Amino acid sequence: MSLQPVNFHPHPATSALVATTDDVWPVQEVLALFELPFNDLLYRAQQVHRTHFDATEVELATLLSIKTGGCPEDCAYCPQAARYDTGVTAQKILPLATVLEAARAAKAHGATRFCMGAAWREPKDRDLEHVEEMVREVKALGLETCATLGMLGEGQAEKLKDAGLDYYNHNLDTAPEFYSKIITTRDYQNRLDTLGRVRGAGIKVCCGGIVGMGESRLQRAGLIAQLANIDPYPESVPVNHLVQVEGTPLHGLEALDPFEFVRTIAVARITMPRARVRLSAGRRQMDDAVQALCFLAGANSIFYGDKLLTTGNPDVEADNVLMDKLGLHARAVQQGQNNAMVCEAATAMPAGEPAHAGPAA
Ligand code: SF4
């Protein structure tokens, strides 16, 4: 297996010294975007968005927890960590038939991508065999496939690729200098190593983070700079708003200002112009006006369905009504779309956690 190197800019002060080139975003430049007047920021994000996408199109992705709870990790936001008393009970991996039933339902409701999340630190080889079977069967339904299973070891990404996996989700979560406040059972480099394995196997990368965890604006800029400076940057960037779950260490934090969340979406759009920027966990806490601002800021993908792993998500009907009101339409499944995306990635890129995409995604 070839381990593809992933750029790593460990500290904002260091990154700020990196010369400005077309494909490197110093943290201070990302911070300067955050500090633009709100209307100017949204205007710039709209310009970038319209250059690369149909601004009325939204990708619908559905996320299913295929193995819930009992995770040995200590992610401070996550109700699936066994060490926190959150009422989530550990379950075994779902049977294939259950997963396929959910995938067919997702497709019937218009989803084009089906993401399978498991609460593992990393999959054991026998677990991976089950997931490979799921990927093969879900892919055969005509859906794009995504998985989020934790850290991947030698050869595991290749097995998933052979099974037909299109995307692997593995979030950076936050800025490197804030990471140890959120997770102590693994480090930032572990995340980057898994991303390198995913890239090395030829799987597209879905990688974002979570905001509203008590980080500063500079640290939010640090997260976006890390993502934008991955070379090439992720094809898919989920931006999660912390869902505060009782029993987790982050429960009770002061909520992030909704405009700051919208700013984060806009900055992600500007710095990663061709990425699908996904409005992920936390939508249930947002009213329609804030979600509309997120679309205006360049979000063009949502998780769709009534659950994001273990936290709630606006129901499908409410999503349809909102999209109608805003004149948005779902991205259609197209023949050959995967090839188109490969070309796009190859030509465009300068650069949970559900279980691993955030408090849900
Ligand atoms: S986010 Fe993932 S790795 Fe972290 S505790 Fe939750 S399930 Fe485990």
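The rules we used
Residues numbered from 1 in each chain as written. Predicted model: local features only at pLDDT ≥ 70, side-chain atom pairs only at ≥ 80, totals over all residues. Helix = DSSP H or I, 4+ residues; strand = E, 2+ residues; numbered from the N terminus. Buried ≥ 20, exposed ≤ 12 C-beta atoms within 10 Å, placed from the backbone. Pairing = 2+ DSSP bridges. Right-handed = clockwise from strand over helix to strand, strands pointing away. Contact = placed C-beta atoms within 7 Å. Core = buried A, V, L, I, M, F, W, Y, C linked by C-beta atoms within 7 Å. pLDDT = per-residue confidence, 0-100. Expected span 1.5 Å × (residues − 1). Arc of directions from axis to C-beta. Axes fitted to C-alpha atoms, helices over the stretch in contact; angles between N-to-C directions. Parallel < 35°, antiparallel > 145°, perpendicular 65-115°, else oblique. Left-handed = near helix turned anticlockwise from the far one by under 90°. Nonpolar A, V, L, I, M, F, W, Y, C, P; charged D, E, K, R; others polar.

Along the protein chain, the regular secondary structure elements total 13 helices and twelve strands. Expressed as a percentage of the 361 residues in the protein chain, the buried residues total 52%.

Moving on, we get to the pairing of strand 8 (residues 276-279). A regular strand carries its side chains on alternate faces of the sheet. Taking every second residue as pointing to the same face, both faces of strand 8 are buried, with Arg276 and Arg278 on one and Val277 and Leu279 on the other. In this structure, strand 7 (residues 236-241) lies alongside strand 8, joined through four bridges in parallel fashion. Within strand 8, the position partnered with Val237 by the bridge is Val277. This β-α-β element, strand 7 to helix 10 (residues 258-271) to strand 8, shows right-handed connectivity. Crossover connection from strand 8 via helix 11 (residues 288-296) to parallel strand 9 (residues 301-303): handedness right-handed.

Residue Pro232 is reached from Asp231 by a cis peptide bond, and omega for that bond is 0°. Relative to the elements of secondary structure, Pro232 occurs in the loop between helix 9 (217-229) and strand 7. A positive phi angle is found at Asp173, which is not glycine, with a value near 75°. Owing to 29 C-beta atoms within 10 Å, Asp173 belongs among the buried residues under this scheme.

Attention now moves to the environment of Ala90. Examined against the element boundaries, Ala90 turns out to sit in the loop between strand 1 (57-67) and helix 4 (96-108). Put simply, Ala90 and Thr68 are 22 residues apart on the chain and 5.7 Å apart in space, counted from C-alpha to C-alpha. If we ignore the near neighbours within four places in the chain, the residues touching Ala90 are Gly69, Gly70 and Ala82.

Another aspect to go through is the nonpolar core. One finds Ala147, Tyr168, Leu227 and Ile265 to be the most contacted residues of the largest nonpolar core, which totals 98 residues. Looking at this core element by element, the count peaks at seven residues for helix 10. Excluding residues that lie within four positions of it along the chain, Ala147 makes contacts with Cys115, Met116, Val131, Val135, Leu160, Leu165 and Tyr168.

Residues shown with low pLDDT carry predicted positions that ought not to be read at fine detail. Confidence along the protein chain averages 85 in pLDDT terms, with 83% of residues attaining 70 or more. Note that pLDDT drops below 50 for residues 1-20; the model gives that stretch 44 contacts with residues more than four away or on any other chain. Note on residues 334-361: pLDDT is under 50 here. Beyond four places in sequence and across chains, it has 91 contacts.

Within the secondary structure, Leu149 sits in the loop between strand 3 (144-148) and helix 6 (156-163). In the structure, Leu149 is positioned 21 residues away from Leu128 in sequence and 8.9 Å away in space, judged by C-alpha atoms. In this structure Leu149 touches Ala118, Trp120, Pro123 and Val131, once residues within four positions along its chain are discounted.

The next thing to look at is the environment of Lys67. Relative to the helices and strands, Lys67 is located in strand 1. Filtering out sequence-adjacent residues up to four positions away, Lys67 remains in contact with Gln91, Ile93, Ala118, Ala119 and Trp120.

Given a rise of 1.5 Å per residue, 15 residues ought to cover 21 Å, and the 22 Å separating the end C-alpha atoms of helix 3 (residues 38-52) matches this to within 8%. When helix 3 is considered as a whole, its buried residues turn out to be Leu41, Leu42, Ala45 and His49. Down the axis of helix 3, the smallest arc covering the buried residues is 90°, so these residues share one side. Opposite the buried face of helix 3, by more than 90 degrees, sit the exposed residues Asn39, Asp40, Arg50 and Thr51.

With that settled, the discussion passes to the pairing of strand 7. Most of strand 7 is tucked away, with six of its six residues classed as buried. Side chains Ser236, Pro238 and Asn240 project from strand 7 onto one buried face, and the interleaved Val237, Val239 and His241 project onto a second face that is buried too. Across three bridges, strand 6 (residues 209-211) lies against strand 7 in parallel orientation. Counted as the bridge partner of Val211 is His241 from strand 7. Once the chain exits strand 6 it traverses helix 9 before rejoining the sheet at strand 7, and the crossover so formed is right-handed.

Right, let's talk about the packing of helix 2 (residues 27-34) against helix 9 for a bit. Helix-helix packing is characterised by the crossing angle of the two axes and by the distance between the axes. Here helix 2 crosses helix 9 at 120°, and the two axes come no closer than 8 Å. Compared by their axis directions, helix 2 and helix 9 come out oblique. Helix-helix and strand crossings are classified by hand; for helix 2 and helix 9 the assignment is right-handed. Two secondary-structure elements touch here, helix 2 through Val27, Val30, Leu31 and Phe34 and helix 9 through Arg217, Leu218, Arg220, Ala221, Gly222, Ile224 and Ala225. Residues that form the contact of helix 2 with helix 9 fall into these classes: eight nonpolar, one polar and two charged.

Where helix 5 (residues 125-140) contacts helix 6, the two axes come as close as 8 Å, and the packing angle between them is 25°. The angle between the axes of helix 5 and helix 6 places the two elements in the roughly parallel class. Once helix 5 is placed against helix 6, the crossing between them reads as right-handed. In this structure, helix 5 uses Leu128, Glu132, Val135 and Arg136 to contact helix 6, whose residues at the interface are Gln156, Lys159, Leu160 and Ala163.

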